[in-house]
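Take a look at the letters that make up each chain.
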Amino acid sequence: METLQYRFEHGSRALPARPQMVGVVGSGNLEVLIESAPSGGACVVDISTAATGFGATWEAVMNDFHQRWQLADVRVAINDMGATPAVVSLRLDQAVETALGEAP
């Protein structure tokens with residue numbers, strides 16, 4: 001297992017107080033928990049992944065996520081069992097949309 005953490009400053013979008021979880025890690029996919037959390041206006045992302053050595057890929061996916069959503073005072077926890085970057089992005093967007101009440 002590898003543990004990664006990213007912190008993105010200067011976000012502008014807060015989430016409602018209720019935490020949201022999407023995905024299922026047991027299926028070889030990943031799960032994302034997103035919640036409002038005081039962090040000085042930052043978005044903090046903690047990743048636990050079974051796929052070691054992909055830090056640069058995770059960083060690119062997380063940078064893209066931050067650019068799309070600009071979250072502030074948010075904590076994201078990701079438990080991964082080897083999901084592709086496209087699936088990671090999909091689940092992250094799904095978590096934010098669910099938290100914001102925008103999910104279909």
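The numbering scheme is per chain: residues are counted from 1 as the chain's sequence reads. Side-chain atom pairs in this predicted model are given and counted only at pLDDT of 80 or more, local residue features only at pLDDT of at least 70, and totals for whole chains, interfaces and linings cover all residues. Each side-chain value is derived from all of the structure's non-hydrogen atoms; neither hydrogens nor water enter the calculation.

Side note on the overall build of the protein chain
Elements are defined by DSSP. Helices are runs of H or I of four residues or more, strands are runs of E of two residues or more, and each kind is numbered from the N terminus. Helices and strands together make up the secondary structure of the protein chain, namely 2 helices and 5 strands. The N-to-C order of helical and strand elements in the protein chain reads β-β-β-β-α-β-α. At 13 Å, the protein chain has a C-alpha radius of gyration in line with the 13 Å of a compact globule built from 104 residues. Along the longest, intermediate and shortest principal axes, the C-alpha atoms of the protein chain span 30 × 30 × 20 Å. When each of the 104 residues of the protein chain is scored for burial, the buried share is 40%. Contacts are assigned to residue pairs with any non-hydrogen atoms lying within 4.5 Å of each other. Across the protein chain, the fraction of contacts at a sequence separation of at least 24, relative to all contacts at a separation of at least 6, is 83%. Total accessible area on the protein chain stands at roughly 5200 Å², and carbon and sulfur atoms take up 54% of it. The globule rule is 2.2 Å times the number of residues to the power 0.38, and the radius of gyration it is compared with is taken over C-alpha atoms. Each residue gets one of three labels from its accessible area relative to the maximum for its type: buried under 20%, exposed over 50%, partly exposed in between, using a 1.4 Å probe on protein chains only. Throughout, the Shrake-Rupley method with a 1.4 Å probe supplies accessible areas, and for residues the shown protein chains are the sole cover considered.

A look at the packing of helix α1 (residues 55-69) against helix α2 (residues 85-99)
In contact at an axis separation of 10 Å, α1 and α2 are set at 30° when each is read in the N-to-C sense. In terms of orientation, α1 and α2 fall into the roughly parallel class. The handedness of the crossing between α1 and α2 is right-handed. Residues T57, W58, V61, M62, F65, R68 and W69 of α1 form the contact with α2, whose own contacting residues are P85, V88, S89, L92, D93, V96 and E97. Only Asp, Glu, Lys and Arg are considered charged in this grouping, and only Ala, Val, Leu, Ile, Met, Phe, Trp, Tyr, Cys and Pro are considered nonpolar; every other residue, Gly among them, is considered polar. Partitioned by chemical class, the residues of the contact of α1 with α2 number 9 nonpolar, 2 polar and 3 charged. Helix axes use the C-alpha atoms of the stretch in contact, all axes being lines fitted to C-alpha atoms, and the angles between their N-to-C directions lie in the range 0 to 180 degrees. We call two directions roughly parallel when the angle between them is under 35 degrees, roughly antiparallel when it is over 145, roughly perpendicular when it lies between 65 and 115, and oblique otherwise. Should the near helix be turned anticlockwise from the far one by less than a right angle, the crossing is left-handed, and should it be turned clockwise, the crossing is right-handed.

What to know about the side chain of D93
In this fold, D93 is placed in helix α2. With residues near it in sequence (within four places) discarded, D93 still touches F65, R68 and W69.

What about unusual backbone geometry?
A positive phi angle, near 65°, is found at H10, a position not held by glycine. For H10, the location among the structural elements is in the loop between β1 (2-8) and β2 (20-23). Residues other than glycine seldom take positive phi values, yet Q70 does so here, at roughly 50°. With respect to the helices and strands, Q70 occurs in the loop between α1 and β5 (74-80).

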